[in-house]
Amino acid sequence: MILVLRALGVGDLVTAVPALRALRAAYPSRELALAAPAWLAPLVDLVGGVDRLVDTAGLDRPIRIGSAPRVAVNLHGRGPQSHRLLAATRPGRLLAFANADAGHADGPAWAADEHEVARWCRLLSWYDVPTDRTDLGLRRPGSAGLPHGVTLVHPGSKIPAKRWPAERFAALARALTDQGHRVLLTGSADERALAARVADAAGLTSDAVLAGRTDLGALAALVANARLVVSGDTGVAHLATGYGTASVVLFGPVPPAHWGPPANRPRHRVLWAGDSDWPRWDGVGSHPTMAALRLDEVLAAVAEVERVVRFSGAVAA
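Residues numbered from 1 in each chain as written. Predicted model: local features only at pLDDT ≥ 70, side-chain atom pairs only at ≥ 80, totals over all residues. Heavy atoms only, no water.

Draft legend 1. Spotlight on helix 9 (residues 235-243). Of all nine residues in helix 9, nine are buried; the element is thus mostly enclosed. Within the span of helix 9, buried status applies to Gly-235, Val-236, Ala-237, His-238, Leu-239, Ala-240, Thr-241, Gly-242 and Tyr-243. Gly-244, located one to two residues past helix 9, shows a positive phi value of around 65 degrees. (Buried < 20%, exposed > 50% of the residue type's maximum accessible area, 1.4 Å probe, protein only. Helix = DSSP H or I, 4+ residues; strand = E, 2+ residues; numbered from the N terminus.)

And the structure:
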């Protein structure tokens, strides 16, 4: 068995896709088990190549897999806690970043200033596992009964500092509706009140609020068949990258060089106000780098990616 630890969220799983596929190719006859939260199961199925999902939410409980794995791979973090969690399964070999505190001298050094996709590909390459960091595509899910060709506006984020102000999302939704977009608001159950507030301010009906009404598989299907996705730096943006769906992603305290879509994909437009020369932040609400992004900038980025989509469609025809 090959055991891989990635006990995190949607964006974390999608950015690990190239590494997971590299491991599948390197060990084609071995069972590939992924230690990750059970609620990610619909998305794990869309990644493909994973034989078993081991419900692992965080690092505070042992990973229950039965027999010891032949190889354990830490795609979760730098250690030492994640290293120790995998070491407790008694693997034949541990592939991980070097960490003296965990007693793991093998592996490359951790680099803080690195894109998340590149980080895990570099780790595996150090262990002579070939990787392709562009291999980000996801399987298309079934979409029966779900709308196609809609524009998804996702105002939430589990990290409040990474949220664009709700009133600007509302103004954006109103402007896009005026331009002929059918706007739907997505999010988690915890973000339903935020999405409803945005919808109300934008003049949209309650039917436009899908936050808390879709499971992960349905959300993936919505993104796969959407006209456009506009969101902050959160999981739905990574789904848009995985499906090649036109997207505008708003970055704030975390730079797009670490978590953004590949720079050579013109269907995805990133907006970022930088990380320096900002006033002190009181820790409440949107980070100043998010608040600095203007509505007209976002609308211009939407127009830009839509031109790319129209041009590529004309060329294909």
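Draft legend 2. Examining unusual backbone geometry more closely. Backbone torsion omega between Gly-79 and Pro-80 reads 10 degrees, so that peptide bond is classified as cis. Residue position: Pro-80 is located in the loop between strand 4 (71-74) and helix 4 (81-87). Non-glycine residue Arg-90 carries a positive phi angle of around 60 degrees. We note that Asp-128 has phi near 65 degrees; this positive angle belongs to a residue other than glycine. Structurally, Asp-128 can be placed in the loop between helix 5 (116-126) and strand 6 (151-154).

Draft legend 3. The sheet that holds strand 2 (residues 32-36), seen in detail. Reading across from one edge, 3-2-1-4-5 is the order of the five strands in this open sheet, with parallel pairing throughout. The outermost strands of the open sheet, each flanked by one partner alone, are strand 3 (52-55) and strand 5 (93-95). Averaged over all adjacent pairs, the angle separating strand axes in this sheet is 20 degrees, with direction ignored. Sheet strands in contact with helix 2 (residues 17-26) are strand 1 (2-5), strand 2 and strand 4, and its direction is about 155 degrees off that of strand 2. (Pairing = 2+ DSSP bridges. Axes fitted to C-alpha atoms, helices over the stretch in contact; angles between N-to-C directions. Contact = heavy atoms within 4.5 Å.)

Draft legend 4. Molecular detail of the packing of helix 2 against helix 5. Where helix 2 contacts helix 5, the two axes come as close as 8 Å, and the packing angle between them is 25 degrees. Relative to helix 5, the element helix 2 lies roughly parallel. Counted together, Pro-18, Ala-19, Ala-22 and Leu-23 of helix 2 and Val-117, Trp-120, Cys-121 and Leu-124 of helix 5 form the full contact between these two elements. Counted by class, the contact of helix 2 with helix 5 contains eight nonpolar, no polar and no charged residues. (Parallel < 35°, antiparallel > 145°, perpendicular 65-115°, else oblique. Nonpolar A, V, L, I, M, F, W, Y, C, P; charged D, E, K, R; others polar.)

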